[in-house]
Structures are given as C-alpha cells and as structure tokens.
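Each chain, letter by letter, is given below.
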Amino acid sequence: MNARTSLRRLLTAGAAATALLTAVPAPASASAAPAPAVVLPASPTTVPTATSRERQADALRPLAVLSARRLATADLVAAAKWGTGSPVDDPVREQQVLDAVARQAAGLGADPRWTARIFRDQIEANKTVQRGLHRRWAADPAQVPGERPDLGEVRKEINRVNDALVRAIAASGAARTSPRCVPSLVGAAADVRREERLDVLHTVALVRSVRSVCGAEGRAPAQAS
C-alpha cells in the first residue's frame, strides 16, 4: 500500500476525524465518544532518524496551519451568505481559484495539477463548514452571528491564505512525497486541532482539506472516489 493510498484511507472518512479527535486530549469545551486507536501504516523503508522526522514535520506543519486558517474564513463566508439566498457552491469563483493557484504553482516550480487537486479539497472542506454552520443556525437561530461580513473583504483574506498555501506546497515537495508523509501530516493536523481548539465540524473539514497532500508529483492525480 503506497503512502497516497494510506492517506486517503486514513483521512477521507469519519474514522480519520475520530482518530484525530482521540489521539490528542480534547479541550475542556469539546466532547467526543471514545474510539479505538488507529494504527498508522508502517513505512516500507528504513525508519528515518529523529532529526529527519523533525525536518519533515516542520515542512508539513505550515500546510496544516494554513488549512485551518483557510477553514476559519468559512465561518465568515457562511455568515456573509446566510439569509441572502446565495448558494454555498460557487463554480465560477471556485474555478478562478483553481486556475490562479495552478498558475502560481507553475511559477514556483511545483506541480500545478497536484496543487489544484489539493485546493479542490480545500474548497470542498470550506463548503463542508459553510453547510454545517447553516444547518446549525437553522436549528438554533440564536447562534446566528450578529453581523454580516463583507464577502469581498473575506475573499481578499482567502486570497492571501491561498498565496501562502501554494508557497508552502511548493516548499514541501520532499516531505509530501516521503513514505513518512502520512503519519507526519496526521500528527501536524492533530497538533493544529488541539492548538486551535477545533470543534468536530472544523476537525472533519480539516481532515478533508489535507487528504491529497501526500503523493508522488509529476503524474496526474487519481480521481477521488
């Protein structure tokens, strides 16, 4: 089983989100049902030294941090669209983002197709948060934010995060193609979940946002199942 297959199996389902939630002590405000520990796939090669692992984790951590930062903008987008009739899906805007990050990646020497695939996951994760919040607010109007953000200003912030995320993708090629990418990425995501005190909705979305990070570049990414 290669690293990409392992990551998809680990990070594409609710079991992966549960693994992240239970692998690290939950904050006092969070609650999660106990679940069996998930055993990470073993590397098919010699286990790297501690120093090598630390370097790889350092290279992947910005991807988890920026993914969580991008997800935070989903709360603002959801509030901006709430009650306006604007759909969560915005195919025109989404394609503009994918085209822009692919061009930027090519300019940085990264694989534009793989970068666009990672960003497709980022976009879908963002929409997961938006839909989840809209369901929450419909069920409990008292939780609806009191102010409506300016969607144009929110998108400027998204663009800034996108720029930083493309650069982080370009800078982490060796770590993302390493056999240790899967466990290192899971560890980085778990750390970010704890530090940001993410609830279940945002944790599930974080898992969704990074599921294509690990893999071999220079070939066409496989289509999501």
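Further up the page is the structure itself.
Rules behind the numbers
- Residues numbered from 1 in each chain as written.
- Predicted model: local features only at pLDDT ≥ 70, side-chain atom pairs only at ≥ 80, totals over all residues.
- Heavy atoms only, no water.
- Core = buried A, V, L, I, M, F, W, Y, C linked by side-chain atoms within 4.5 Å.
- Buried < 20%, exposed > 50% of the residue type's maximum accessible area, 1.4 Å probe, protein only.
- Helix = DSSP H or I, 4+ residues; strand = E, 2+ residues; numbered from the N terminus.
- Contact = heavy atoms within 4.5 Å.
- Salt bridge = Lys/Arg side-chain N within 4 Å of Asp/Glu carboxyl O.

*Asks:* Looking at this model, I keep getting lost on the nonpolar core. Mind explaining?
*Replies:* Inside soluble globular proteins, nonpolar side chains tend to come together where they are buried. Counting residues in hydrophobic clusters, the biggest one holds 23 residues, and the most contacted among them are Leu60, Leu63, Phe119, Leu165, Ile169, Leu185 and Val213. If you list the elements that add at least two residues to this core, you get helix H3 (50-81), helix H4 (91-108), helix H5 (112-139), helix H6 (151-171) and helix H8 (181-196). For this core, the element with the highest residue contribution is H6, accounting for 5 residues. Filtering out sequence-adjacent residues up to four positions away, leucine 60 remains in contact with Ala175, Arg176, Cys181, Ser184, Leu185 and Val213. One finds Ala78, Leu133, Leu201 and Ala205 within the second-largest nonpolar core, a separate group that totals 17 residues.

*Asks:* Would you mind showing me how to read unusual backbone geometry here?
*Replies:* A negative phi holds for most residues other than glycine; trans holds for most peptide bonds. The backbone of arginine 197 sits at a positive phi, close to 55°, despite the residue not being glycine. Along the chain, arginine 197 falls in the loop between H8 and helix H9 (200-209).

*Asks:* Mind showing me how you'd approach the pattern of salt bridges here?
*Replies:* Opposite charge on two side chains allows them to pair when their charged atoms are near. Counted by the stated rule, this structure contains 16 salt bridges. The partner of glutamate 124 in a salt bridge is arginine 120, with the nearest N and O atoms 3.1 Å apart. Remark: arginine 120 and glutamate 124 occur in helix H5; sequence separation between them is 4 residues, near one turn of the helix. Across the pair glutamate 124 and lysine 127 runs a salt bridge whose closest N-O atoms are separated by 3.2 Å. Placement of the pair is glutamate 124 and lysine 127 together in helix H5, with a separation of 3 residues, close to one helical turn. Residues glutamate 124 and lysine 127 agree in their burial class; the two are buried.

*Asks:* So what exactly am I meant to see when it comes to the environment of arginine 131 here?
*Replies:* Summarising the element assignment, arginine 131 is placed in helix H5. Put simply, arginine 131 and aspartate 89 are 42 residues apart on the chain and 9.8 Å apart in space, counted from C-alpha to C-alpha. Beyond its immediate chain neighbours, meaning those up to four positions away, arginine 131 contacts Val88 and Asp89.

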